[in-house]
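# Observations on the three-dimensional arrangement
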Amino acid sequence: MDDRLDFVLFGATGFTGIHCIPYLHKFSKFQGRTFTWGVAGRSESKLKQVLKKVGKDIGVALDHIPIIIVDVSCEDELLRMARRAKVVLNCCGPFHYLGEPVVKACIAAAAHYTDVSAEPYFMEKIQLEYDDAAKKKGVYVVTGSGFDCIPSDMGIVFLQQQFEGTLNSVTTYLKVYMGNDFKLMPIVNYTTWASVICVMGYWNKLKEVRRELFSKKTPIYEPKMKWRTCPHKPSVVDGWAVPFPSADRSIAHRTQRHFYQVDNKRPIQTDIFLVMPHFLLLMVFYIVIGLLRFFCTFDFGRNMFLKYPRIFSAGLVTTEPPSKEIVENTCFEITLDGEGWKTKLPKKDDQYATPCDRRIVGRVSGKDAYATTSVALVLSAIMMIMEADKMPSSCGVIPPGAAFAKTSLIKHLMENGLNFEILSRKDLV
């Protein structure tokens, strides 16, 4: 693999791909090592234009960067691209439609793979169908290395590392805002919206995949976490919390399952919520989610939501990308509320006879979700090369928390715009 580029960015002319290019340049010299990288996509002229524009924006000539022409519908071209890379960074979504051929090509070419997917059906289907093949090839396939999967999953890993004892449960609360408030304006890219529609449209199929993927159940631990399905006001963050139908829950569950099966650790029970600052926005959220869940099960419904995103997203999405000002001034916080015991039991399946006696609250925060996605994606790829010895030795299809828990990813994320912190620790009894 010595003649391969370290990284190839696929989908480099898309909204997220363009955001990744400055960070590929920035991290091309990392801890005394120089990385090589290239970009890939369908149009050579567009790739050249993007490199020229981004180079001008960051004050660096990028015309020497290798360009690989590849159409996602052509298996031979995908395989040719994968053979040029040690790690393929995939920004070409929606992944339900466009992700699997890239994964397949990377495994065939023995190239590691990571992406910015947040689509549970795609992620779990890939793990079900390609985990064995990836292990045989010695390839890492890590889906969900962007926002908000990395901050959420690595946040739970961080809380677990900071907890002295055994952590039983973690509830996460995601809050997104601009300045001092949350406003109904276009803050979501259109491709992200298309991915959300895929998530909602294939929710029932996800259940079928899970029955096969998780055929072997993990033990039920006490005290069992109480699932909340109604809006509530949490004690650790201001606003209304509602169950968040994102990929975070899927990723957290698979990460904890990996820790149980591979590292012999008691899995943490997790619940994921989105926080709305006002009751009016809470109502808007329920209306949008209700419409998505109903109409996206039908082809005409999905087409309607794709054709009129501004109407059905309540103004959060348009066919045009969000403005630079909005993107750069949009902030997020993930508050993590954990409970457990100060003592540890000898075996992972041992049950505690007493209630939880220790509480810990942490927070992961940052600014500009697309910058966070780009930083997390590129640093995840770097970990695959520089710290592969700290990743699971079996390789395969694994979520980010399981892949990077023992690496220095959190440290480097903190050095590049993300903040991981512990807000409080206290005894419960």
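Residues numbered from 1 in each chain as written. Predicted model: local features only at pLDDT ≥ 70, side-chain atom pairs only at ≥ 80, totals over all residues. Heavy atoms only, no water.

## Digging into the overall build of the protein chain
Within the protein chain one finds 17 helices and 15 strands. Principal-axis analysis of the C-alpha atoms gives the protein chain an extent of 65 × 50 × 40 Å. Per-residue burial for the protein chain yields a buried fraction of 56% across its 429 residues. A total of about 19,300 Å² of accessible surface is found on the protein chain, and carbon and sulfur atoms cover 53% of it. Across the protein chain, the mean location of the 54 positive side-chain charges is 1 Å away from that of the 44 negative side-chain charges. (Helix = DSSP H or I, 4+ residues; strand = E, 2+ residues; numbered from the N terminus. Buried < 20%, exposed > 50% of the residue type's maximum accessible area, 1.4 Å probe, protein only. Areas by Shrake-Rupley, 256 points an atom, 1.4 Å probe, with all protein chains shown as cover. Lys, Arg positive; Asp, Glu negative; His and termini not counted. Charge placed at Lys NZ, Arg CZ, Asp CG, Glu CD.)

## Looking at a nonpolar patch on the surface
A surface patch of nonpolar side chains, about 280 Å² in accessible area, is lined by Phe279, Met283 and Tyr286. Along the chain, the position of tyrosine 286 falls in helix 11 (residues 279-295). (Patch = residues over 30% accessible without salt bridge, like charges linked within 9 Å, V, L, I, M, F, W, Y side chains within 5 Å. Salt bridge = Lys/Arg side-chain N within 4 Å of Asp/Glu carboxyl O.)

## So, the packing of helix 1 (residues 15-26) against helix 2 (residues 44-58)
The description of two helices packed together rests on the angle between their axes and the distance between the axes. At a minimum axis separation of 10 Å, helix 1 and helix 2 run at an interaxial angle of 60°. Considering the angle they form, helix 1 stands oblique to helix 2. As helix 1 packs across helix 2, the resulting crossing turns out to be right-handed. Between helix 1 and helix 2, the residues in contact are Ile18, Ile21, Pro22 and His25 and Val50, Leu51, Val54 and Ile58, respectively. Looking at the contact of helix 1 with helix 2 residue by residue, the class counts come to 7 nonpolar, 1 polar and no charged. (Axes fitted to C-alpha atoms, helices over the stretch in contact; angles between N-to-C directions. Parallel < 35°, antiparallel > 145°, perpendicular 65-115°, else oblique. Left-handed = near helix turned anticlockwise from the far one by under 90°. Contact = heavy atoms within 4.5 Å. Nonpolar A, V, L, I, M, F, W, Y, C, P; charged D, E, K, R; others polar.)

## A closer look at the packing of aromatic side chains
Summed over all chains, the structure comprises 16 aromatic pairs. An angle of 65° between the planes, with centres 5.6 Å apart, marks the rings of phenylalanine 158 and phenylalanine 420 as edge-to-face. Residue phenylalanine 158 is located in helix 7 (residues 149-162), and its partner phenylalanine 420 is located in strand 15 (residues 419-427); the two are separated by 262 residues in the primary sequence. Just as phenylalanine 158 is buried, phenylalanine 420 falls in that class too. The structure contains a cluster of three or more aromatic residues connected by ring pairs, namely Phe294, Phe295, Phe298, Phe300 and Phe305. Note that lysine 265 overlies the ring of phenylalanine 259, its terminal NZ or CZ placed 5.2 Å from the centroid. The ring of tyrosine 260 has lysine 348 sitting right over it, with the charged end atom 3.9 Å from the ring centre. (Phe/Tyr/Trp six-rings, centres within 6.5 Å; stacked < 30°, edge-to-face > 60°. Lys NZ or Arg CZ within 6 Å of the ring centre and 35° of its normal.)

## Some points on the UniProt feature "transmembrane region" (unreviewed entry) in the protein chain
Here, UniProt's "transmembrane region" (unreviewed entry) annotation points to residues 184-203 and 272-295. Secondary structure across residues 272-295 comprises 71% helix and 21% strand; the distance between its end C-alpha atoms is 24 Å. (UniProt positions renumbered as here; feature names shortened; annotations may be inferred.)

## A look at the sheet that holds strand 6 (residues 85-90)
Spatial strand order, 5-4-1-6-7-8-14: 7 strands in an open sheet with parallel pairing. The open sheet has two free edges, formed respectively by strand 5 (67-69) and strand 14 (396-397), since each of these has just one partner strand. Pairing analysis gives 2 bridges linking strand 8 (residues 140-142) to strand 14, with the strands arranged parallel. Paired with tyrosine 140 across the bridge in strand 14 is glycine 396. Sheet contacts for helix 5 (residues 100-108): strand 1 (5-10), strand 6, strand 7 (112-115) and strand 8; angle to strand 7, the most-contacted strand, approximately 155°. (Pairing = 2+ DSSP bridges.)

## Observations concerning empty space enclosed by the protein
Taken as a whole and judged by the stated rule, the model has 2 cavities of 30 Å³ or more. Estimates place the volume of the largest cavity at around 40 Å³. In terms of lining, the largest cavity is formed by His96, Glu119, Pro120, Tyr121, Phe122, Cys198, Val199 and Tyr202. Broken down by secondary-structure element, the contributors of at least two residues to the lining of the largest cavity are helix 6 (120-137) and helix 8 (190-201). Take the lining of the largest cavity: its biggest share by element is 3 residues, from helix 6. By residue class, the composition of the lining of the largest cavity is 6 nonpolar, 1 polar and 1 charged. (1 Å grid on protein atoms, 1.4 Å probe; cavity = no way out; pocket = protein on both sides within 12 Å on 5 of 7 lines; lining within 4 Å. Points joined across faces, edges and corners; volume = space filled by probe spheres on them.)

## Some remarks on the nonpolar core
Counting residues in each nonpolar core, the largest one holds 112 residues, and the members touching the most others are Phe7, Phe10, Ile21 and Met81. At 10 residues, the largest contribution of residues to this core is made by helix 15 (residues 369-386). Among residues more than four places away in sequence, those in contact with isoleucine 21 are Leu9, Ala12, Trp37, Val39, Val50, Leu51, Val54 and Leu62. Among the nonpolar cores identified, the runner-up in size contains 5 residues, and Tyr173, Val237, Phe273 and Val275 belong to it. (Core = buried A, V, L, I, M, F, W, Y, C linked by side-chain atoms within 4.5 Å.)

## Overview of the layout of surface pockets
Considering only enclosed or pocket space, the second largest pocket measures out at about 1,300 Å³ in volume. Broken down by secondary-structure element, the contributors of at least two residues to the lining of the second largest pocket are helix 6, helix 9 (203-213), helix 10 (248-262), strand 11 (269-276) and helix 11. A class-by-class count of the residues in the lining of the second largest pocket yields 16 nonpolar, 8 polar and 11 charged.

## Focus: the side chain of aspartate 337
Its location among the elements puts aspartate 337 in strand 12 (residues 330-341). Within the structure, aspartate 337 has its side chain in polar contact with the side chain of arginine 359 (distance 2.7 Å). Setting aside chain neighbours within four positions, we find aspartate 337 in contact with Ser169, Val170, Thr171, Tyr173, Val236, Arg359, Ile360 and Val361. (Polar contact = N/O pair within 3.5 Å; in protein donor to acceptor, adjacent residues only side chain to side chain.)

## Re the environment of aspartate 427
Its place among the elements puts aspartate 427 in strand 15. Aside from chain neighbours lying at most four places away, what touches aspartate 427 is Lys342, Asp357 and Arg358. Engagement of the side chain of aspartate 427 in a polar contact is seen with the side chain of arginine 358, the distance being 2.7 Å.

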